[in-house]
Amino acid sequence: PRPRQSAEWSTWSGSANHQHIVGSTITSIHEPLCSIALPRQATPTEVMSTNRVRVGEDSGGILPYYPLILDDRVVIQTGPRRSQVLEVKLRTGETVFPSAAPAADESVDVGRAILGVPRFPMTALGDRAFIRSGIPLCLSPSSQDQLPMPARIEALDLTAEGKLIWSIGLEDPPWGGAWTFAGPAVSEGEQLYVAMVRRGALRVETHVAAFDMLDGRLLWRRFVAAAEPSFGDNLSWVAHTLLSLDQGIIYCNTKH
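Notes on the structure in this doc start here. Treat the numbers as computed from the prediction; the structure is a model and nothing was measured.

Points about the pattern of salt bridges
Here's step 1: Overall, the coordinates contain eight salt bridges when judged by the stated rule.
Here's step 2: One salt bridge in this structure joins Glu 205 and Arg 198, with 2.6 Å as the shortest N-O distance.
Here's step 3: On the basis of relative accessibility, which here comes to 10%, the residue Glu 205 falls in the buried class.
Here's step 4: Its relative accessible area of 28% is what places Arg 198 among the partly exposed residues.
Here's step 5: Between Arg 217 and Asp 215 there is a salt bridge; the shortest N-O distance is 2.9 Å.
Here's step 6: Residue classification places Asp 215 among the partly exposed positions, given a relative accessible area of 39%.
Here's step 7: Three or more residues are tied together by salt bridges with common partners; here these are Arg 198, Arg 203 and Glu 205.

What follows is the structure, given as structure tokens:
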């Protein structure tokens, strides 16, 4: 039998295996119950949008948001910083935290030409939210000593207005500037699984790592695949490697 479906939507596409179905009936309404204005994110240095039109968005107004539904709350990350995690009441739109309104329109400018745009998916388990802050840039070898807004995996306490519980960065050994978190975390319980990429002088490597949910300790890391970059050595790109997790097996799509 199919597993019982929940009304919650606790990660991008609903669940760790990305086959979640809303358990309750959706009633058609003519007017929204509430409305929340989100920042309009722009990426002026993104090269893909310079000579083609994106589907449903453009470089001056991307759609990077993935709301989570947790009981009677909506949680959404509205920007690359930890302080930009917003929680509101589902039925009224009343802000739970932060006390200030979401930031005005902003530009995600990393000071160089990049391929791809930042997205802000997140995962929630119980009263904890796991976000990827920063910009997950896979930098060209010539610029790995100039990492702007490095990506981090951070655990937030939703019962304490998003207070930081722990944070994982890749700036220090044994990692270094060549590494970045390539996607949001997925989990079915005690461990978080995250795709990671490392760009060297000749190839790009894809890895999968497991971290302890309680304190962020690295438990293991597994090399998956490597290939030469298909777009030259001088271009940095925003990494998006999305894991799926089902019945104890992790699936990793290695095509960037």
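Let's talk about the sheet that holds strand S15 (residues 204-212)
Here's step 1: Judged by pairing direction, the sheet is antiparallel, and its four strands sit side by side in the order S13-S14-S15-S16 without closing on themselves. The sheet is open, and its two borders are formed by strand S13 (179-181) and strand S16 (218-227), each paired with just one other strand. Recorded for the sheet is a direction-independent mean angle of 25° between the axes of neighbouring strands.
Here's step 2: With three bridges connecting them, S13 and strand S14 (residues 191-199) associate as antiparallel partners. Looking across to S14, one finds that Phe 181 is bridged to Met 196.

Considerations on the nonpolar core
Nonpolar side chains tend to gather and get buried jointly when the protein is soluble and globular.
Here's step 1: Ranked by size, the top nonpolar core spans 17 residues in total, and within it Trp 166, Phe 181, Met 196 and Phe 211 carry the most contacts.
Here's step 2: Listed by contribution, the elements that provide at least two residues to this core are strand S11 (152-157), strand S12 (163-168), S13, S14 and S15.
Here's step 3: A total of three residues in this core trace back to one element, the largest contributor, which is S14.
Here's step 4: When sequence neighbours within four positions are dropped, the list of residues in contact with Phe 211 reads Ile 168, Phe 181, Glu 190, Gln 191, Leu 192, Val 194, Met 196, Gly 216, Arg 217, Leu 218 and Leu 219.
Here's step 5: Ala 195, Val 197, Leu 235 and Trp 237 belong to the second largest nonpolar core, which has 16 residues in total.

Considerations on the packing of aromatic side chains
Pairs of aromatic rings are described using the distance from one ring centre to the other and the angle between the two planes.
Here's step 1: Evaluation of the coordinates by the stated rule reveals five aromatic pairs.
Here's step 2: With a centroid separation of 6.1 Å and 65° between ring planes, the pair formed by Phe 181 and Phe 211 is classed as edge-to-face. Of this pair, Phe 181 sits in strand S13 while Phe 211 sits in strand S15, placing them 30 residues apart in sequence. As far as the burial class goes, Phe 181 and Phe 211 line up, both buried.

Structural notes on unusual backbone geometry
Here's step 1: In this structure, the amide linkage connecting Phe 97 to the following residue, Pro 98, adopts the cis form with an omega of -10°.
Here's step 2: Relative to the assigned elements, Pro 98 resides in the loop between strand S5 (95-97) and strand S6 (106-107).
Here's step 3: The phi dihedral of His 18 falls on the positive side, at around 60°, and the residue is not glycine.
Here's step 4: In this structure, His 18 sits in the segment before strand S1 (41-42).
Here's step 5: On the basis of relative accessible area, His 18 is assigned to the buried category, the value being 18%.
Here's step 6: Notably, Glu 161 is not glycine yet its phi reads approximately 55°, a positive angle.
Here's step 7: Glu 161 sits in the exposed class, given a relative accessible area of 60%.

Basis of the calculations
- Residues numbered from 1 in each chain as written.
- Predicted model: local features only at pLDDT ≥ 70, side-chain atom pairs only at ≥ 80, totals over all residues.
- Heavy atoms only, no water.
- Salt bridge = Lys/Arg side-chain N within 4 Å of Asp/Glu carboxyl O.
- Buried < 20%, exposed > 50% of the residue type's maximum accessible area, 1.4 Å probe, protein only.
- Pairing = 2+ DSSP bridges.
- Helix = DSSP H or I, 4+ residues; strand = E, 2+ residues; numbered from the N terminus.
- Axes fitted to C-alpha atoms, helices over the stretch in contact; angles between N-to-C directions.
- Core = buried A, V, L, I, M, F, W, Y, C linked by side-chain atoms within 4.5 Å.
- Contact = heavy atoms within 4.5 Å.
- Phe/Tyr/Trp six-rings, centres within 6.5 Å; stacked < 30°, edge-to-face > 60°.

It is worth stressing that arrangement in space is one thing and function is another; only the former is reported here.
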